[in-house]
Amino acid sequence: MNPLSQLPSVDRLLSSPALASLLDAHGRAVVTGMVRDVLAATRAALKEGGALPDESTLLAKVGAGVTAKMRPKLRPVFNLTGTVLHTNLGRAPLPEEAVQALIAAARSPCALEYDIESGGRGDRDNVVDELLCELTGAEAATVVNNNAAAVFLLLNTLAQKKQVIVSRGELIEIGGAFRVPDIMSRAGAKLVEVGTTNRTHLRDFVEAINPRTAMLMKVHASNYAIHGFTHAVPEAELATLAHQHDLPFVIDLGSGTLADLAAYGLPHEPTPREAIAAGADLVTFSGDKLLGGPQAGLMVGRKELIAKIKKNPLKRALRVGKLTLAALEAVLALYRDPDRLHLRVTAVCQLTRPEAEIAAQAARLLPALRSALSALPVTVGIVALQSQIGSGSLPVNRLPSAGFAIKPEGRKSGVLNRIEQGLRALPKPVIGRIEDGALLLDLRCLDAQDEADFVAALASMQIHS
Ligand SMILES: *Cc1c(COP(=O)(O)O)cnc(C)c1O
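Residues numbered from 1 in each chain as written. Predicted model: local features only at pLDDT ≥ 70, side-chain atom pairs only at ≥ 80, totals over all residues. Heavy atoms only, no water.

Engineer: So what about the side chain of asparagine 79? Which residues, and what values?
Structural biologist: The residue asparagine 79 is located in strand β1 (residues 78-79) in this model. Here asparagine 79 falls in the buried class, since its relative accessible area comes to 13%. Polar side-chain contacts of asparagine 79 include one of 2.5 Å to the side chain of threonine 81. A distance of 2.9 Å separates a polar side-chain atom of asparagine 79 from the backbone oxygen of threonine 83. Not counting residues within four places of it along the chain, the set of residues in contact with asparagine 79 comprises Val84, His86, Leu89, Ile431, Asp442 and Cys445. (Helix = DSSP H or I, 4+ residues; strand = E, 2+ residues; numbered from the N terminus. Buried < 20%, exposed > 50% of the residue type's maximum accessible area, 1.4 Å probe, protein only. Polar contact = N/O pair within 3.5 Å; in protein donor to acceptor, adjacent residues only side chain to side chain. Contact = heavy atoms within 4.5 Å.)

Given below as structure tokens:
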């Protein structure tokens, strides 16, 4: 008998009790589509001489297919990479206050561009501009989609068809797609490089200034550091020079934390407040790097410059939505209490977590990991690790941390890839890193509240051979 004619019909499979809960969860259209796909694939296999699968196998395929298809792409993961502000994993996790503000703004109408006092039209920047001025000492502020957009918008507004003088040592590339020279030319500004890679002097800027100069610019060399015979011009001197020529002095700070991280034992990172105090007319920085907020590009500085920027039609194209503003307002409000940032701003909590606390957590979790991997030819131990801040912030600094090193016994290095895949295949994937022949799991970013979930995830892990 022709095996094709023995295949069950779409309706027969759909009416099977095995698919009832799938139909309930995902609806008729999705499940029916998957039944058709599975039957079509089975028919094709039969034509190639394959064996007729039984009905329960077909139903299992439909179940697995629907579950995989309906699983969200943007899934939460455990970030055990050791990089705290991991751009590929969404950078800063938001504090609970920001999550709640975001949910509230998402769920109902909110006063985004509405002045509740007067009942008139408002400006969405008003949600955060007072807070930003209070925290940075600036006269005015505005917000766009990310810091790359902030830099682009300010160049396009203030330097189109004009020249921008930048030190050669600051013509950086950040994560591939953001290169200072490329942003300049796309914004319509002409880059004038001065100095050399390692040394730039005030006289280099003086000599480059001419009637077509629009501004002097400093770019924080976020993700690299040069050492040895180096010289950069102090910000206050550049500001004075710019102002002597009636030009603005602009700083792209990149990370730009609003708190002095040195108070938490981290290296000092320049703050927007310091930049403004040094005479900068405009400062731009990211919302989701050291600040620990949502993705956003923050601009603070002189009133008339911010006003010009806000009038650029591109501001409308680069504006942020209410969810971003809700989260940003809540995070900025936390900075009004600088003494408790390490308890309240999640990214700062993770960056300042003491090594001893992380090591104690590793000791608590070691038995669960050992038992999950007990059948495999590996050794599992606790090791001292060095976390990175990430997102190009403070690139040379490392944070002493702790975690697990999983090493193959003998020369069976393929087992590490299988474990790494098993961890990634969990409903909430665990992301570690393979380095020097070991799979490393840095626990710095594992919240104590998530430990039980982590243990449960390990217990459910399946390693394929
Ligand atoms: C990160 C960074 C940017 C880009 O900021 P995004 O918020 O990622 O767009 C620009 N300039 C510097 C110096 C940076 O460090």
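Engineer: Give me the lowdown on the side chain of threonine 32, citing residues and values where you can.
Structural biologist: Structurally, threonine 32 can be placed in helix α3 (residues 28-47). The class of threonine 32 is buried, set by a relative accessible area of 12%. For threonine 32, the side chain forms a polar contact with the main-chain oxygen of arginine 28, separated by 2.6 Å. Apart from the residues lying within four places of it in its own chain, the contact partners of threonine 32 are Val10 and Leu14.

Engineer: Explain the nonpolar core residue by residue, including any values.
Structural biologist: Leu132, Leu216, Leu332 and Tyr335 are the most contacted members of the largest nonpolar core, which has 50 residues in total. Top element by residues in this core is helix α14 (residues 322-334). It accounts for seven residues. Dropping the residues within four chain positions of it, leucine 216 is found in contact with Ile165, Phe205, Ile209, Leu238, Leu241, Ala242, Pro248, Phe249 and Val250. By size, the runner-up hydrophobic cluster in this structure holds 31 residues, among which are Leu155, Ile172, Leu282 and Ile309. (Core = buried A, V, L, I, M, F, W, Y, C linked by side-chain atoms within 4.5 Å.)

Engineer: Break down the sheet that holds strand β8 (residues 249-254) for me, citing the residues and quoting the values.
Structural biologist: Across the sheet, which stays open at both edges, the seven strands sit in the order β2-β10-β9-β8-β7-β3-β6 with mixed pairing between neighbours. The sheet terminates laterally at β2 (140-144) and β6 (190-194), the two strands that pair on one side only. Adjacent strand axes in the sheet meet at a mean angle of 25° when their direction is disregarded. Across the sheet, helix α12 (residues 303-311) touches β2, β9 (282-286) and β10 (297-301), and the angle it forms with β2 is around 30°. (Pairing = 2+ DSSP bridges. Axes fitted to C-alpha atoms, helices over the stretch in contact; angles between N-to-C directions.)

Engineer: Tell me about the pairing of β10, and name the residues and values.
Structural biologist: Extensive coverage of β10 is indicated by the burial of five of its five residues. Alternating positions in β10 separate into two faces, Gly297, Met299 and Gly301 on one and Leu298 and Val300 on the other, with burial throughout. Two elements, β2 and β10, share five bridges in a ladder whose sense is antiparallel. By the bridge assignment for β10, threonine 142 is matched with methionine 299. Sheet topology note: the β9/β10 ladder contains five bridges and is antiparallel. Residue pairing in the sheet places leucine 282 in a bridge with glycine 301 of β10.

Engineer: Outline the domain arrangement of the chain, listing residues and values.
Structural biologist: Its domain assignment divides the chain into domain 1 (8-70), domain 2 (78-88 + 349-459) and domain 3 (96-342). Summarising the inter-unit geometry, the C-alpha centres of domain 1 and domain 2 are found 38 Å apart. (Domains from an automatic or database assignment.)

Engineer: Please give an account of the pattern of salt bridges that cites residues and values.
Structural biologist: Taken as a whole and assessed by the stated rule, the structure comprises 19 salt bridges. Residues arginine 336 and glutamate 134 are paired through a salt bridge, measuring 2.8 Å at the closest nitrogen-oxygen approach. Remark: glutamate 134 occurs in helix α6 (residues 129-136) and arginine 336 occurs in the loop between α14 and α15 (341-344); sequence separation between them is 202 residues. Residue classification places arginine 336 among the partly exposed residues on the basis of a relative accessible area of 48%. Among the ionic pairs, lysine 218 bridges to glutamate 170, the shortest N-O distance being 3.1 Å. Note that lysine 218 is positioned in strand β7 (residues 213-219) and glutamate 170 in the loop between β3 (163-167) and β4 (173-174), a separation of 48 residues in sequence. The residues lysine 218 and glutamate 170 share a single accessibility class, namely buried. Salt bridges sharing common partners tie together Glu113, Arg121, Arg124 and Arg319. (Salt bridge = Lys/Arg side-chain N within 4 Å of Asp/Glu carboxyl O.)

Engineer: Kindly report on the pairing of strand β15 (residues 438-442), identifying the contributing residues and their values.
Structural biologist: Most of β15 is tucked away: five of the five residues are buried. The two faces of β15 match: Ala438, Leu440 and Asp442 on one face and Leu439 and Leu441 on the other face are all buried. The pairing of strand β12 (residues 398-408) with β15 spans four bridges and is antiparallel. From the neighbouring strand, phenylalanine 404 faces β15, where its bridge partner is leucine 441. In sequence, strand β14 (residues 433-435) turns back onto β15 through a hairpin of two residues, with aspartate 436 there showing a positive phi of about 50°.

Engineer: Summarise the sheet that holds β14; cite the residues concerned and give the values.
Structural biologist: With antiparallel pairing, the four strands of this open sheet are ordered in space as β11-β12-β15-β14. Every interior strand has two partners, whereas the edge strands, β11 (378-388) and β14, have only one. Neighbouring strand axes in the sheet, compared pairwise and without regard to direction, differ in orientation by 35° on average. Across three bridges, β14 lies against β15 in antiparallel orientation. Following the sheet pairing, glutamate 435 is matched in β15 by alanine 438. Lying on the sheet, helix α17 (residues 355-372) is in contact with β11, β12 and β15; it crosses β12 at an angle near 15°.

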